[in-house]
Amino acid sequence: MKDVWERVEGLEVMVDCLKEKSELFDRLIPILMEYNKLRDEERDFVDSRPGRDSWSEDIRKEHDELLEDIARKRNAIGDILREVECDQSLRF
């Protein structure tokens, strides 16, 4: 009987782990969608303003802010992936 209970406990641990990973993926998906949207915005921003060398200070600042938003989302994605993988050395 002990063997059966050990298996049940092992399954409970696995279910808890899957539930935890599912919650992490639920957090990840909207961040990935926003990251993708921001990358599209950045591409459109650059495409609609050729001649980056001649951008005004305001346009450069706006572009820098967009890049900072992208970096924040990328960092958040990396944080979640490290949590899912239980590997703090994971690089994204």
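Structure: above.
Everything numeric here is computed off the predicted structure, so don't read it as measured data.

1. Description of the nonpolar core
Considering soluble globular proteins, one finds that nonpolar side chains tend to be buried as a cluster. Counting residues in hydrophobic clusters, the biggest one holds 12 residues: Leu24, Leu28, Ile31, Tyr35, Leu38, Phe45, Trp55, Leu66, Ile70, Ile77, Ile80 and Val84. Those elements giving two or more residues to this core turn out to be α1 (2-47) and α2 (57-85). When residues of this core are assigned to their parent elements, the largest contribution, 6 residues, is made by α1.

2. Some words on the side chain of Arg82
Positionally, Arg82 belongs in helix α2. Among the polar contacts listed, one links the side chain of Arg82 to the side chain of Asp79, at a separation of 2.8 Å. Setting aside residues no more than four positions away along its own chain, Arg82 makes contact with Asn75, Asp87, Gln88 and Leu90.

3. Some words on the packing of aromatic side chains
Following the criterion strictly, the structure yields 1 aromatic pair and no others. Measuring from ring centre to ring centre gives 5.6 Å for Phe45 and Trp55, while their planes differ by 85°; the resulting arrangement is edge-to-face. Here Phe45 is found in helix α1, whereas its partner Trp55 is found in the loop between α1 and α2, with 10 residues between them in sequence. According to the relative accessible area criterion, Phe45 is buried, its value standing at 7%. The lysine or arginine in question, Arg49, covers the ring of Phe45, its NZ or CZ lying 3.8 Å from the ring centre.

4. Brief notes about the environment of Tyr35
With respect to the helices and strands, Tyr35 occurs in helix α1. A relative accessible area of 13% means that Tyr35 is categorised as buried. Sequence separation between Tyr35 and Ala76 is 41 residues, and the spatial gap between their C-alpha atoms is 9.7 Å. In contact with Tyr35, not counting residues within four places along its chain, are Ile70, Lys73, Arg74 and Ile77. Polar contacts involving the side chain of Tyr35 include one to the side chain of Arg74, which spans 3.4 Å.

Basis of the calculations
- Residues numbered from 1 in each chain as written.
- Predicted model: local features only at pLDDT ≥ 70, side-chain atom pairs only at ≥ 80, totals over all residues.
- Heavy atoms only, no water.
- Core = buried A, V, L, I, M, F, W, Y, C linked by side-chain atoms within 4.5 Å.
- Buried < 20%, exposed > 50% of the residue type's maximum accessible area, 1.4 Å probe, protein only.
- Helix = DSSP H or I, 4+ residues; strand = E, 2+ residues; numbered from the N terminus.
- Polar contact = N/O pair within 3.5 Å; in protein donor to acceptor, adjacent residues only side chain to side chain.
- Contact = heavy atoms within 4.5 Å.
- Phe/Tyr/Trp six-rings, centres within 6.5 Å; stacked < 30°, edge-to-face > 60°.
- Lys NZ or Arg CZ within 6 Å of the ring centre and 35° of its normal.

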